[in-house]
Amino acid sequence: MSSNGSESKLAAPQTSTSGVKTVLRYTGIPPSWLDKRPRLPSRNWLIFLSVSSAIAGYYVYDRQQCKKIRQEYVDKVKDMAVQPMGSMELPRLVTVYGAKWPGDQNYDESMKYFRKYVKPILVAAAIDYDMVKGRRHGDIARHVEDKVRKERRIAAGLEQPFTSPLALPGSSFEEKHKRELDGGIIIVGRHTLKEFMAGLKSGWSDGLAPIDREERLARALESDGEFDEPEPEPTAESPVGDGEPIPTPSRIPSSNAFSILNNPALRAPPPPKAAESVPAHLDTPPAEVPPQPPILLATFTNYIGLTQIPLMIWDFFNERSKVAEGAQAAYQIVKGSTRPFTAPPPEVSAFTDVDSDPAQPQKPHLAEITPTDLDFDRTAESYYKKSVVRDFLSEIESARKGFYATLAQKLEVARGLARGTREPTKEERENPPPTEVELRAERLKKELRWTSDEEGWNTVRPDKDVEWDERFRGQLRVYTDPSPEQDASSDSFA
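To start, this report covers the structure provided alongside it. Given the structure is predicted, the values throughout are model-derived calculations rather than measurements.

The rules behind the values
- Chains are numbered independently. Their residues run from 1 in the order of the written sequence.
- With pLDDT at 70 or above as the cut-off, local features in this predicted model cover only qualifying residues; side-chain atom pairs require 80 or more to be listed or tallied, and sums for whole chains, interfaces and linings still use all residues.
- Where side-chain values are given, they derive from all heavy atoms of the structure, hydrogens and water being excluded.
- A run of H or I in DSSP counts as a helix once it spans at least four residues, and a run of E counts as a strand once it spans at least two, with each numbered from the N terminus.
- Each Phe, Tyr or Trp ring, with Trp reduced to its six-membered ring, pairs with another whose centre is within 6.5 Å; inter-plane angles below 30 degrees give stacked pairs, above 60 give edge-to-face pairs, and intermediate values give tilted ones.
- Each residue gets one of three labels from its accessible area relative to the maximum for its type: buried under 20%, exposed over 50%, partly exposed in between, using a 1.4 Å probe on protein chains only.
- For this document, the term salt bridge refers to a Lys or Arg side-chain nitrogen within 4 Å of an Asp or Glu carboxyl oxygen.
- Strands were regarded as paired on the criterion that DSSP finds at least two bridges between them.
- By convention, a crossover is right-handed whenever its connection, traced from the first strand over the helix to the second and viewed with the strands pointing away, goes clockwise.
- To obtain each axis, a line is fitted to C-alpha atoms, and for helices this fit is confined to the stretch in contact; angles are then taken between N-to-C directions over 0 to 180 degrees.
- Angular relationships are summarised with four words: roughly parallel below 35 degrees, roughly antiparallel beyond 145, roughly perpendicular across 65 to 115, and oblique for the angles in between.
- Take the far helix as the reference: if the near one is turned anticlockwise from it by less than a right angle, the crossing is left-handed, and if turned clockwise, right-handed.
- By definition, residues are in contact when any of their heavy atoms lie within 4.5 Å.
- Three residue categories are used. Nonpolar comprises Ala, Val, Leu, Ile, Met, Phe, Trp, Tyr, Cys and Pro, charged comprises Asp, Glu, Lys and Arg, and polar comprises the others, including Gly.

**With respect to the environment of Ala-330**
Part 1 of the argument: You can see Ala-330 is positioned in helix α12 (residues 319-335).
Part 2 of the argument: The spatial distance from the C-alpha of Ala-330 to the C-alpha of Pro-120 is 8.7 Å, given a sequence separation of 210 residues.

**Side note on the packing of aromatic side chains**
Between two aromatic rings, the relevant description is the distance of the centres plus the angle of the planes.
Part 1 of the argument: The full count for this structure, using the stated rule, is 17 aromatic pairs.
Part 2 of the argument: Pairing Tyr-59 with Phe-316 gives two aromatic rings, centres 5.5 Å apart and planes at 20°, and the pair type is stacked. Taken together, the residues span a long stretch of sequence, with Tyr-59 in helix α4 (residues 43-77) and Phe-316 in helix α11 (residues 309-316) at a distance of 257 residues.
Part 3 of the argument: Relative accessible area serves as the criterion here: at 34%, Tyr-59 is assigned to the partly exposed category.
Part 4 of the argument: Classification of Phe-316 as partly exposed rests on a relative accessible area of 41%.

**Some words on the pattern of salt bridges**
Part 1 of the argument: Under the criterion given, the structure shown has 37 salt bridges.
Part 2 of the argument: Residues Arg-149 and Asp-146 are paired through a salt bridge, measuring 3.3 Å at the closest nitrogen-oxygen approach. With Arg-149 and Asp-146 both in helix α6 (residues 139-156) and 3 residues apart, this pair spans about one turn of that helix.
Part 3 of the argument: A relative accessible area of 5% means that Arg-149 is categorised as buried.

**Some points on the pairing of strand β1 (residues 93-98)**
Part 1 of the argument: Counting buried positions along β1 gives 6 out of 6 residues, so the element sits mostly inside the fold.
Part 2 of the argument: By the alternation rule, side chains of β1 split into Leu-93, Thr-95 and Tyr-97 and Val-94, Val-96 and Gly-98, which are all buried.
Part 3 of the argument: Of the strand pairs in this sheet, β1 and strand β2 (residues 128-133) are connected by 6 bridges, and their pairing is parallel. Bridge pairing links Leu-93 to Asp-128 in β2.
Part 4 of the argument: The parallel pair β1 and β2, bridged by helix α5 (residues 109-124), forms a crossover whose chirality is right-handed.
Part 5 of the argument: With 3 bridges connecting them, β1 and strand β3 (residues 185-188) associate as parallel partners. When the sheet's bridge partners are listed, Tyr-97 is paired in β3 with Ile-187.

**Topic: the packing of α6 against helix α7 (residues 173-183)**
Part 1 of the argument: Across the interface, α6 lies against α7 with an axial gap of 12 Å and an inter-helix angle of 135°. Here α6 lies oblique to α7, going by the angle between them. Considering only the axes of α6 and α7, their crossing is left-handed. Listed contacts from α7 to Lys-147, Glu-151 and Ile-154 of α6 are Phe-173, His-177 and Glu-180.
Part 2 of the argument: A class-by-class count of the residues in the contact of α6 with α7 yields 2 nonpolar, 1 polar and 3 charged.

Structure (structure tokens):
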């Protein structure tokens, strides 16, 4: 029986190995790996691989389309970069304005949009650009207002333009102004458009006297009484005995050379300087506004908050739409096709809604009547964080109340230490408290920031319409898509 069993075992057929397996067997690879037959993954692995490959494929496809779209527009404008220029000529200069998005701590998001989606086309066309960033709300409006006022003062002869000691091309005021008119302006987002139009209107409506906002605020804060010293309480005079001399006030100055009263920074402020006299016929706002540089309106939306995370994810996988919008906007300014800036009729633009709710993201009464360029990118305001729209001004007021609640105690400590009426504590020796001069400077700095933020928010808040002046009608132009003839000529040249 045993012999039969052994014979049956020996008679078992042996699997023949191919030449590849025979060679790989001597490389140290386990035989079980060579005999292993492939099979389908498990259900969970199939789900994971399917989802991962779909996401990765969609991402790769989107980025390939981004490169394709950008290269398509680069090919359309690259012929402008090889055109010869004279030795005294300067390239075209475009001014880019980007304001801070409400509720975003990063003020540079609008400029990031420009640099990523619009700038590559301008660089391919050899167009120079100058970026003006708004770090806080209202910075763009104040910049434009001061710029317009300075130009008006130079044109009126009240101020001399800066002249370079060297006769450089494009250094004169007339050449700079002409270069700005020929270059154009890029406005990124509706919030930037609001600030730009507010500054433009103020610059052409206010007087020509130079404005020092910090000095104006300092003089307004002088009369609020926050730094006034309390009246000393009357004390009963001690009785004087018979034959004792009556004490008289000493005529010798105090020996405390570092008295706070001797600090020139805390003395009564000097009388205000006489305002610069501007002739009445020059200080009056002009009846007409000269032509302004053409404007390119670039759409921009910044998603912030947990509720907008799905939109962020969708944007991440659809970059090609932003690339197409930014490239098309840059292509418009490169080709230079413009149209008049459209605005509501005078009777419509004079209508204002005084009962609007600031917490609401939109006020569409003008858009429903007549959609114009003043309604540009109005839907972007619906993506503002509701908490920012609701609590922006209240947070500033709360911070102001908190500062003034502790100011009186800080002043008492600072004056007591400066006059020597009290000894500093151990903690005050290690960390000296702020002096009265430092408190005044801190208060001016905080009030300047709070006031500027309030003015800026009142300009960009969603229930506020874009500022408009009837003098701008016919003087503002907007870049638009080039005509089919221009497209055909650029394609044939490329």
